[in-house]
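Below are the chains, spelled out letter by letter.
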Amino acid sequence: MRTTVGIIGAGPAGLLLARLLHNAGIDSVVLESRDRAYVERRQRAGILEQGTVDVLREAGAGERMDREGLRHDGIELRFDRRRHRVDFPALTGGRSVMVYAQTEVCKDLIALQLDEGGPLLFETEALAVEGAETDRPRVRFRHGGAEGAEDVLECDYVVGCDGFWGVARAAVPDGRTFERTYPFGWLGILADVAPSHDELVYARHDRGFALLSMRSPSVSRLYLQVPADTDAGSWSDERIWDELERRFETDDDWTLRRGPITQKSVTPMRSYVHEPMRHGRLFLAGDAAHIVPPTGAKGLNLAVGDVVTLARALAHRAATGSDDLLDAYSATCLRRVWQAERFSYDMTTLLHTAPDATPFEDRLQLARLDRITSSRAAETDLAEAYTGFPIG
């Protein structure tokens, strides 16, 4: 099998890259180890930056998002029983975000790829990337499980969108890694109840962080800061709702709506960057190159920035024969990546209670929140970062 661009992984990064390349007249093949049903139901991010929304629309993948997604023009910061709304459009010249789950983005892109694009091969495991230093890299893969036959995909370029544990990252022999593991995680729930607020609520509390989010007008998504080794099953539904109520407490009459919890899971918190994001004709994108704690809602959006940058570079190469943009890919992406890492770290340390935090550090958190809620410049910095850094 032969193609111009071999894409490993059918998450949002790989699927969007395939769509962008299709629109630019560049052929690709997408290899995905899981089946379609798994890809379309795995729960991940749910906040799309303004730039991500714009890209999906331009790619022809925004129709259902615009119909079913929830535009949000701000977030609420909650601390010391106080509430403060950050107005995104007023601070950023009209930018906003969209609540639209990653599962839905993947469904939309899969449908487009199967209908209009190149091959999208589910249950096809990439085994190795070979010859990345040559002009004919190859992906060895196996279709149909452990008993399936091995085959080879020959490419001009290979793009690893297969996450931290994928074969693409493992095929990069050199480079530097930068990482931080946090001593806490998020206990996340899905609940069949209307959200208790019409925008996201980020709460800093002495007992730990809490986040009120949503997946739809009838489904709530909420999170609690917990120790990193927490077993989600050890928390009863009643205990979860009681703890959320404590952490969201205010001095007004706001109340938390309770409902049936349909899913519980614990998300670890870590920051990770691999430099460079390229080795020969192998390019890394998304979680294969970088991971952010979810506090800043940056993971999916960073992946989008990577593949938009790469698609532009590949289209430029096809049109002009110049490798200039491909050669600049890693440096271009990493400028945005490190800003997102900085913002995600700032939000995490601003709102979470460290196990060994001193009273001095607690007061610093409150001082930082006071600064954001009393200074338009500080509030603008948060709003600009949350709604998204420029792509490219």
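Quick caveat, the model's predicted, so the values are computed rather than measured.

Asks: Honestly, the UniProt feature "domain: FAD-binding" (unreviewed entry) in the protein in this entry has me stumped. Any pointers?
Replies: Those residues carrying the UniProt feature "domain: FAD-binding" (unreviewed entry) are residues 2–344 in this numbering. Summarising residues 2–344: 32% helix, 32% strand, and an end-to-end C-alpha distance of 40 Å.

Asks: How should I be thinking about the sheet that holds strand β15 (residues 210–216) in this particular structure?
Replies: What the eight strands build is an open sheet, ordered β6-β5-β14-β15-β16-β13-β17-β20; its pairing is mixed. Both outer strands of the open sheet, β6 (82–87) and β20 (290–291), are each paired with one neighbouring strand and no more. Bridging between strand β17 (residues 261–275) and β20 involves two bridges; their strand directions are antiparallel. Its bridge partner being in β20, Val 273 is matched across the sheet by His 290. Its contacts with the sheet put helix α12 (residues 359–374) on β5 (74–79), β6 and β14 (200–204), and the angle it makes with β5 is roughly 145°.

Asks: Help me understand the sheet that holds strand β11 (residues 150–154), please; the structure alone is not making it clear to me.
Replies: Pairing between the strands of a sheet is mediated by backbone hydrogen bonds and can be parallel or antiparallel. Sheet architecture is open: three strands sit in the order β9-β10-β11, paired in antiparallel fashion. With one partner strand each, in any of the chains shown, β9 (124–130) and β11 form the two edges of the open sheet. Sheet twist, expressed as the average angle between the axes of neighbouring strands with direction ignored, equals 30°.

Asks: When you look at the nonpolar core in this model, what are you seeing that I'm missing?
Replies: What tends to happen in soluble globular proteins is that the nonpolar side chains get buried as a cluster. In this structure, Tyr 202, Leu 244 and Tyr 386 are the most contacted members of the largest nonpolar core, which totals 123 residues. At 10 residues, the largest contribution of residues to this core is made by helix α9 (residues 299–320). Here Tyr 386 is in contact with Ile 47, Glu 49, Ile 75, Phe 88, Val 97, Leu 200, Tyr 202, Gly 296, Ala 297, Lys 298 and Phe 343, once residues within four sequence places are set aside.

Asks: Is there a simple way to explain the environment of Ile 7 in this structure?
Replies: Note on placement: Ile 7 falls in strand β1 (residues 5–8). Taking the relative accessible area as the measure of exposure, Ile 7 reaches 0% and is therefore buried. Remark: the alpha-carbon pair of Ile 7 and Ala 303, spanning 296 residues in sequence, is separated by 14 Å. Contacts of Ile 7, omitting those with residues within four sequence positions, involve Gly 14, Leu 17, Ala 18, Leu 21, Ser 28, Val 29, Val 30, Leu 31, Val 159 and Cys 161.

Asks: Honestly, helix α8 (residues 237–247) in this entry has me stumped. Any pointers?
Replies: Each turn of an α-helix holds 3.6 residues, which means side chains three or four residues apart point in the same direction. All of the buried residues along α8 are Ile 240, Trp 241, Glu 243, Leu 244 and Arg 247. The buried side chains of α8 occupy one side of the element, clustering within an arc of 165° when seen end-on. At its buried positions, α8 is contacted by β13 (176–191), β14, β15, β16 (219–227) and β17.

Asks: Explanation requested: the packing of aromatic side chains in the structure shown.
Replies: What describes a pair of aromatic rings is the distance from one ring centre to the other and the angle between the planes of the rings. A full pass over the atoms with the stated rule returns 13 aromatic pairs. For the pair Phe 343 and Tyr 386, a centre-to-centre distance of 6.4 Å together with 85° between the ring planes defines the contact as edge-to-face. Here Tyr 386 lies in helix α13 (residues 376–387) and Phe 343 lies in helix α11 (residues 329–351), a separation of 43 residues in the sequence. Tyr 386 carries the same exposure label as Phe 343, and that label is buried. These aromatic residues form a ring-pair network of at least three members: Phe 88, Trp 186, Tyr 202, Phe 209, Tyr 223, Phe 343 and Tyr 386. One Lys or Arg, Arg 34, reaches over the ring of Tyr 38 and ends 4.2 Å from the middle of that ring.

Asks: Got a minute to help me understand the pattern of salt bridges in this structure?
Replies: Should their charged atoms come close, side chains of opposite charge can pair. The final tally for this structure, using the stated rule, is 41 salt bridges. For the salt bridge of Arg 19 with Glu 116, the shortest nitrogen-to-oxygen distance reads 2.6 Å. Placement of Arg 19 in helix α1 (residues 12–23) and of Glu 116 in helix α6 (residues 102–116) is noted, with a sequence separation of 97 residues between them. Of the charged contacts, one joins Glu 130 and Arg 138 as a salt bridge, the two residues approaching to 3.4 Å between their closest N and O atoms. Judged by relative accessible area, which is 29%, Arg 138 ranks as partly exposed. Within this structure, Glu 63, Arg 64, Arg 67, Glu 68, Glu 104, Lys 107 and Asp 108 form a network of salt bridges that share partners.

Asks: Explanation requested: the packing of α1 against α9 in the structure shown.
Replies: Each pair of packed helices can be summarised by the angle the axes make with each other and by the distance between the axes. Interaxial distance between α1 and α9 falls to 9 Å at its minimum, and their mutual angle equals 30°. By the criterion of interaxial angle, the relationship of α1 to α9 is roughly parallel. Crossing handedness for the pair α1 and α9: right-handed. Facing Pro 12, Ala 13, Leu 16, Leu 17, Leu 20 and Leu 21 of α1, the residues of α9 in contact are Leu 300, Ala 303, Val 304, Val 307, Val 308, Leu 310, Ala 311 and Leu 314. Among the residues making up the contact of α1 with α9, the classes are represented as 14 nonpolar, no polar and no charged.

Rules used in this analysis
Residues numbered from 1 in each chain as written. Predicted model: local features only at pLDDT ≥ 70, side-chain atom pairs only at ≥ 80, totals over all residues. Heavy atoms only, no water. UniProt positions renumbered as here; feature names shortened; annotations may be inferred. Helix = DSSP H or I, 4+ residues; strand = E, 2+ residues; numbered from the N terminus. Pairing = 2+ DSSP bridges. Contact = heavy atoms within 4.5 Å. Axes fitted to C-alpha atoms, helices over the stretch in contact; angles between N-to-C directions. Core = buried A, V, L, I, M, F, W, Y, C linked by side-chain atoms within 4.5 Å. Buried < 20%, exposed > 50% of the residue type's maximum accessible area, 1.4 Å probe, protein only. Arc of directions from axis to C-beta. Phe/Tyr/Trp six-rings, centres within 6.5 Å; stacked < 30°, edge-to-face > 60°. Lys NZ or Arg CZ within 6 Å of the ring centre and 35° of its normal. Salt bridge = Lys/Arg side-chain N within 4 Å of Asp/Glu carboxyl O. Parallel < 35°, antiparallel > 145°, perpendicular 65-115°, else oblique. Left-handed = near helix turned anticlockwise from the far one by under 90°. Nonpolar A, V, L, I, M, F, W, Y, C, P; charged D, E, K, R; others polar.

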